[in-house]
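Report on the structure
If you want the building blocks of each chain, they are given just below.
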Amino acid sequence: MIRGIGIDSVDIEEMARLTADADGAFARRTFSDAERAEAYARHDAAACLAGKFAVKEAVFKAIAQHTEAGFDFRCVETLEDKNGCPHVTLTGSLAPVLAEAGVTELLVSITNEKDVATAIVLAQ
């Protein structure tokens with residue numbers, strides 16, 4: 001049963017600016033260690049992080065109507081599987097939020113076009 005759908009777009013250049021701060025504070029506050037490692041291993045780190053951030057926002061939009069609980073963006077961890085497909089890894093406090101929302105699965109798709117990364121999430 002579909003519980004919600006969320007979509008979000010992020011400006012890649014803005015993500016590059018936000019993640020270029022000297023001490024990396026924004027990236028540490030927003031992304032998990034594994035997300036940062038995956039992104040910084042690529043030639044297009046800002047585009048990768050923009051897509052991951054769009055997923056975080058889309059997850060929130062997909063489940064917000066079903067839960068009173070908030071969540072730390074770092075608990076929505078988007079990593080690639082062995083085929084390069086994005087998936088949300090359930091970490092820490094996300095599992096109880098999804099349980100409260102009646103969500104057992106999050107389907108994710110990310111696309112980049114020119115200067116924008118867009119993600120869509122289907123919560124079921």
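Residues numbered from 1 in each chain as written. Predicted model: local features only at pLDDT ≥ 70, side-chain atom pairs only at ≥ 80, totals over all residues. Heavy atoms only, no water.

Let us look at the overall build of the protein chain. Helix and strand content of the protein chain: five helices and five strands. Its helices and strands in sequence order give the protein chain the pattern β-α-α-α-α-β-β-α-β-β, from N to C terminus. For 124 residues, the compact-globule estimate of 2.2 N^0.38 gives 14 Å, and the C-alpha radius of gyration of the protein chain, at 14 Å, lies within 12% of that figure. Over its C-alpha atoms, taken along the principal directions, the protein chain stretches across nearly 40 × 30 × 25 Å. Taken across its 124 residues, the protein chain has 43% of its residues classed as buried. When contacts within the protein chain are restricted to residue pairs at least 6 apart in sequence, those whose partners lie at least 24 apart make up 60%. When the accessible surface of the protein chain is totalled, it reaches about 6,500 Å², and 55% of it is carbon and sulfur. Across the protein chain, the centroid of the 12 positively charged side chains sits 2 Å from that of the 20 negatively charged ones. (Helix = DSSP H or I, 4+ residues; strand = E, 2+ residues; numbered from the N terminus. Rg over C-alpha atoms; globule rule 2.2 N^0.38 Å. Buried < 20%, exposed > 50% of the residue type's maximum accessible area, 1.4 Å probe, protein only. Contact = heavy atoms within 4.5 Å. Areas by Shrake-Rupley, 256 points an atom, 1.4 Å probe, with all protein chains shown as cover. Lys, Arg positive; Asp, Glu negative; His and termini not counted. Charge placed at Lys NZ, Arg CZ, Asp CG, Glu CD.)

Two elements in contact, helix 3 (residues 33–40) and helix 4 (residues 45–63), have axes whose closest approach is 8 Å; the angle formed by their N-to-C orientations is 145°. Contacts between helix 3 and helix 4 pair Glu35, Glu38, Ala39 and Tyr40 from the former with Ala45, Cys48, Leu49, Lys52 and Lys56 from the latter. A class-by-class count of the residues in the contact of helix 3 with helix 4 yields five nonpolar, no polar and four charged. (Axes fitted to C-alpha atoms, helices over the stretch in contact; angles between N-to-C directions. Nonpolar A, V, L, I, M, F, W, Y, C, P; charged D, E, K, R; others polar.)

This paragraph deals with the sheet that holds strand 4 (residues 106–113). Strand pairs in the sheet, formed through backbone hydrogen bonds, run parallel or antiparallel to each other. Strand order in this open sheet of three strands is 1-5-4, and the pairing throughout is antiparallel. Of all strands in the sheet, those bounded by a partner on one side alone are strand 1 (4–11) and strand 4. In this sheet, neighbouring strand axes are inclined to one another by 15° on average, regardless of whether the strands run parallel or antiparallel. Inspection of the sheet shows strand 4 paired to strand 5 (residues 116–123) by eight bridges, in the antiparallel sense. Pairing of Leu107 across the sheet is with Leu122, part of strand 5. (Pairing = 2+ DSSP bridges.)

Moving on, we come to the pairing of strand 1. The two faces of strand 1 differ: Gly4, Gly6, Asp8 and Val10 on one face are buried, but Ile5, Ile7, Ser9 and Asp11 on the other face are not. Taken together, the eight bridges between strand 1 and strand 5 define a ladder with antiparallel strand orientation. What sits directly across from Val10, in strand 5, is Ala117.

Residues Met15, Val55, Val59, Ile63, Val88, Leu106 and Val121 are the most contacted members of the largest nonpolar core, which totals 33 residues. Taken together, the elements giving at least two residues each to this core come down to helix 1 (12–19), helix 2 (25–30), helix 4, helix 5 (94–101), strand 4 and strand 5. No other element matches the 12 residues that helix 4 contributes to this core. In contact with Val55, other than residues within four places in its own chain, are Val76, Thr78, Val88, Val108, Ile110, Ala119 and Val121. (Core = buried A, V, L, I, M, F, W, Y, C linked by side-chain atoms within 4.5 Å.)

This brings us to the pattern of salt bridges. Any two side chains of opposite charge can pair, so long as their charged atoms come close to each other. All chains considered together, the criterion is met by seven salt bridges. Two residues, Arg17 and Glu14, come together in a salt bridge whose shortest N-O distance is 2.6 Å. One end of the pair, Arg17, and the other, Glu14, are both in helix 1, three residues apart, so they sit about a helical turn from each other. Judged by its relative accessible area of 53%, Arg17 falls in the exposed class. A salt bridge links Glu80 to Arg42; the nearest nitrogen and oxygen atoms lie 2.7 Å apart. Placement of Glu80 in strand 2 (residues 76–80) and of Arg42 in the loop between helix 3 and helix 4 is noted, with a sequence separation of 38 residues between them. Overall, the relative accessible area of 32% leaves Glu80 in the partly exposed class. The exposure class of Arg42 is partly exposed, given its relative accessible area of 33%. Taken together, the salt bridges that share partners define one network made up of Arg42, Asp44 and Glu80. (Salt bridge = Lys/Arg side-chain N within 4 Å of Asp/Glu carboxyl O.)

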